[in-house]
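# Summary of the model geometry
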Amino acid sequence: MSDSDPIEVSQSPGRRRAKGLLRALLGLALFAAVLWWLAPDWGELATRVELRVGWIFVGLAGTTVASVVTAARWRLLAEAMGGTRLPYIAYFYGLVVTRFIGQFTSTLAMDLVGRGLALRSAGSERSLGHAATQVVLERLLDMVLPVLLLAWAVAEREGWIAAHLGIGPGASLLAVCALFFALAVPLLGPGVRLALRVYLALRLRLDKLRRRQVEAEAEAELDGPGAPKVDARLSAAIALFSLARFATVVIQFWGIAGAVGLAGLHAGGGVELGWLEMSAATPIAQLAGMLGLTPGGLGILEAGWAGGLGWVGLDPVDISLFVLAQRVGVIAFFGLLSALSWPFAPRAGVARGDAQAPEGAQT
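Computed from a predicted model, the values in this text were never measured in an experiment.

### Thoughts on the nonpolar core
It is characteristic of soluble globular proteins that their nonpolar side chains tend to be buried jointly. Formed by 74 residues in total, the largest nonpolar core has its most connected members in Phe180, Phe253, Met278, Trp305, Leu309 and Phe322. With residues near it in sequence (within four places) discarded, Phe322 still touches Phe253, Ile256, Ala257, Leu262, Met278, Trp305 and Leu309.

Structure representation (structure tokens):
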């Protein structure tokens, strides 16, 4: 079903370009400020690098699996909210290509608009605003989990968990993941309906000329045969995908750290950057990166990593090495995944033909 689009592009191309340039300059300034604050010794930085090719593949594997589960979660949410049925590869390609482009433009804009455009190009008949509601729900899930994990990391590093519960970090991490699962399963259904109500209210506000038609469509979307059916099984799958996404993102950045010699004890005698340290630092970086105001979160994401890795004990030179390596690694990984998946990405004409086929014939 086609609907009007509540996302309007009202600014002139010149104004959008000027805003994009200002964001890029802000990101570069923040990036330079973080490196200046860390005050790296560039000579020591060069000697500290210990390239490990095997760890590059660990980071790439983490990026790949994280993209696989994030695209699967996106597809489940989209179809639950009445989105056009599309093959899985449309979501995977739309995700990785917008992640790649988002490194050079606004990450937030790529999530809210770019991913909707990717689905439209693959044959979706829903509006960009409809796709944006799914991204908002994803961001809520991806915000709640890092907040819980950050609380876990603080309690673990301060010794509160061991002192009061007498369990190790692995067991306490599993307990926090179980808590997230217990919260996500009953709350996802109401969250989906709330997101749809906000989206439909926005449509009504922007499309007053077709108010009766839009109201009828809204009633059918919320209470008709096509209303979202978010049962416990679907909620559990989305919660598990969210947990798997975080775990594989940790592996992604752990692999990048290992690729430049920071995973484990290195020649400089610094701390061991194991799974516990990376799991504690990653939520801080993820929460910082959600702002997405600068291209790829440039400067903001690095500040998050500086705070997180400094908190777990990495010295400034190692942090500088990591923030440079993760920036290059993320661009390279998503660029590679975009190139590899592009030949398989569905085109609009083909996807519409698939959408009109019997449901049992769809993949």
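### Looking at empty space enclosed by the protein
The tally for this structure, following the rule as stated, stands at 2 cavities of 30 Å³ or more. Roughly 640 Å³ of internal volume is contained in the largest cavity. Lining the largest cavity are 34 residues; nearest its centre among them are Arg99, Thr107, Arg245, Gln286 and Gly289. Put simply, the parts of the chain that give the lining of the largest cavity at least two residues each are α3 (53-80), α4 (88-101), α5 (107-121), α6 (128-157), α10 (232-259), α11 (275-289), α12 (300-311) and α13 (316-341). Residue composition of the lining of the largest cavity, by class: 12 nonpolar, 14 polar and 8 charged. Considering the residues around the second largest cavity, the lining is formed by 13 residues, among which Leu119, Ser124, Arg126, His130 and Ala131 are closest to the centre. Only α5 and α6 provide two or more residues apiece to the lining of the second largest cavity. For the lining of the second largest cavity, a count of residues per class yields 5 nonpolar, 7 polar and 1 charged.

### A few points about the packing of α3 against α13
At their nearest, the axes of α3 and α13 sit 10 Å apart, and the two run at 60 degrees to each other. Our classification of the angle between α3 and α13 gives oblique. Where α3 crosses over α13, the two elements pack in a sense that is right-handed. Between α3 and α13, the contacting residues are Ile56, Gly59, Leu60, Thr63, Thr64 and Ser67 on the first element and Phe333, Phe334, Leu336 and Leu337 on the second. Here the contact of α3 with α13 is composed, by residue class, of 6 nonpolar, 4 polar and no charged.

### Quick look at α3
With 28 residues, α3 extends 41 Å between its outermost C-alpha atoms, agreeing within 8% with the 40 Å of an ideal straight helix rising 1.5 Å per residue. Phi turns positive, to about 85 degrees, at Gly82, one or two residues after α3.

### Some points on the environment of Ala332
Along the chain, Ala332 falls in helix α13. Judged by its relative accessible area of 43%, Ala332 is partly exposed. In sequence terms Ala332 and Phe100 are 232 residues apart; their C-alpha atoms lie 8.5 Å from each other.

### A closer look at the pattern of salt bridges
Overall, the coordinates contain 11 salt bridges when judged by the stated rule. Where Asp142 meets Arg73, a salt bridge forms, and the shortest distance between an N and an O atom there is 2.9 Å. One end of the pair, Asp142, is in helix α6; the other, Arg73, is in helix α3, and 69 residues separate them in sequence. Like Asp142, the residue Arg73 is buried in the burial classification.

What counts, and at which threshold
- Residues numbered from 1 in each chain as written.
- Predicted model: local features only at pLDDT ≥ 70, side-chain atom pairs only at ≥ 80, totals over all residues.
- Heavy atoms only, no water.
- Core = buried A, V, L, I, M, F, W, Y, C linked by side-chain atoms within 4.5 Å.
- Buried < 20%, exposed > 50% of the residue type's maximum accessible area, 1.4 Å probe, protein only.
- Contact = heavy atoms within 4.5 Å.
- 1 Å grid on protein atoms, 1.4 Å probe; cavity = no way out; pocket = protein on both sides within 12 Å on 5 of 7 lines; lining within 4 Å.
- Points joined across faces, edges and corners; volume = space filled by probe spheres on them.
- Helix = DSSP H or I, 4+ residues; strand = E, 2+ residues; numbered from the N terminus.
- Nonpolar A, V, L, I, M, F, W, Y, C, P; charged D, E, K, R; others polar.
- Axes fitted to C-alpha atoms, helices over the stretch in contact; angles between N-to-C directions.
- Parallel < 35°, antiparallel > 145°, perpendicular 65-115°, else oblique.
- Left-handed = near helix turned anticlockwise from the far one by under 90°.
- Expected span 1.5 Å × (residues − 1).
- Salt bridge = Lys/Arg side-chain N within 4 Å of Asp/Glu carboxyl O.

By themselves, these observations are geometric and do not establish any function.
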